[in-house]
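A closer look at the structure
The chain contents come next:
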Amino acid sequence: MSSLLTKAKDIASCSQFYVVQHLLNELAKPLIDELASNGNVLITVVPPSRKRMIKGWYLPDSLATGLAEVSSQRYAKLLRRTKSVAKQSSLDAVERRLNLHNCFALRQKRFRQLDADVVVVVDDVSTTGASLAEACRCLRAGGYAKVVAISLAIAPMRKQSW
């Protein structure tokens, strides 16, 4: 799974991307359908780092738009980054949360008025959950009462070298 995600992250339209997209759709669509049976669902994504924005290809964005399409739900980029942060891979769980604190904000005021009973935040890989937790915190602070996080994979923390 690790090499599959690594290749899908780096190359748009590679065969690995289509496998990863299919996996997310199959795993998440039943949850999205259940949430939609109780109200309006809006799908969004954890904002990319500046490095990923410059690169122009961001796997979670493609996964989220694909999931919205197959589940017939709305998609909007609700969040933006407000500051640069240290690279997460070198940090432990507590440092990751502190590193990301207040690094996201709602993109535009008009998104504050989007009608949604639940917002689903999509990310490709979660290690400690810090990015998803901060995205959810920001959305709740922006007025969205029910926020659900979805990640395709959970990565183990790398051991710190001392």
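Residues numbered from 1 in each chain as written. Predicted model: local features only at pLDDT ≥ 70, side-chain atom pairs only at ≥ 80, totals over all residues. Heavy atoms only, no water.

**Considerations on the state of the cysteines**
Tallied over the full model, the rule gives zero disulfides. Of all cysteine sulfurs, the one in C138 lies closest to C103, which takes part in no disulfide; the gap is 8.6 Å. On the accessibility criterion, C103 (0% relative accessible area) is buried. Judged by its relative accessible area of 8%, C138 falls in the buried class. (Disulfide = S-S within 2.5 Å. Buried < 20%, exposed > 50% of the residue type's maximum accessible area, 1.4 Å probe, protein only.)

**Structural notes on the environment of D92**
Locating D92 in the fold gives a position in the loop between β3 (79–81) and α5 (93–100). The spatial distance from the C-alpha of D92 to the C-alpha of T128 is 8.5 Å, given a sequence separation of 36 residues. Within the local environment of D92, its side chain forms a polar contact with the backbone nitrogen of V94, the two atoms lying 3.1 Å apart. (Helix = DSSP H or I, 4+ residues; strand = E, 2+ residues; numbered from the N terminus. Polar contact = N/O pair within 3.5 Å; in protein donor to acceptor, adjacent residues only side chain to side chain.)

**Focus on the side chain of S131**
Tracing the sequence through the fold places S131 in helix α6 (residues 130–141). Those residues in contact with S131 that lie beyond four places of it in its chain are V46, Q88, L100, F104 and D123. (Contact = heavy atoms within 4.5 Å.)

**As for the pairing of strand β6 (residues 147–154)**
As paired strands, strand β5 (residues 118–126) and β6 are joined by seven bridges and run parallel to one another. Bridging from a neighbouring strand, V120 pairs with V148 of β6. A crossover connection joins β5 to the parallel β6 through α6; in handedness this β-α-β unit is right-handed. (Pairing = 2+ DSSP bridges. Right-handed = clockwise from strand over helix to strand, strands pointing away.)

**Details of α6**
In this model α6 runs 16 Å from its N-terminal to its C-terminal C-alpha over twelve residues, within 8% of the 16 Å that 1.5 Å per residue would give. Restricting attention to buried positions, one finds in α6 the residues A130, S131, L132, E134, A135, C136, C138 and L139. The elements touched by buried residues of α6 are β1 (41–45), β3, α5, β4 (104–106), β5 and β6. (Expected span 1.5 Å × (residues − 1).)

**Considering the sheet that holds β1**
Hydrogen bonding along the main chain pairs the strands of a sheet, whether they run parallel or antiparallel. The strand order β2-β1-β5-β6 describes an open sheet built from four strands, whose pairing is parallel. Sheet topology places β2 (74–75) and β6 at the edges, where each strand pairs with a single neighbour. With two bridges joining them, β1 and β2 adopt parallel strand pairing. The residue of β2 that forms the bridge with I43 is Y75.

**Focus on the side chain of S71**
Looking at the secondary structure, you find S71 in the loop between α4 (59–70) and β2. The buried category is assigned to S71, whose relative accessible area is 4%. Polar contacts involving the side chain of S71 include one to the main-chain carbonyl oxygen of L67, which spans 2.6 Å. Not counting the four nearest positions on each side in its chain, S71 is found in contact with K29, I32, D33 and I43.

**Let's talk about the environment of V20**
Looking at the element boundaries, V20 is found in helix α2 (residues 15–36). Residue class for V20 comes out buried when judged on its relative accessible area of 0%. With 132 residues separating them in the primary sequence, V20 and L152 have C-alpha atoms 8.2 Å apart.

Note that all results are geometric; they support no functional claim without further evidence.
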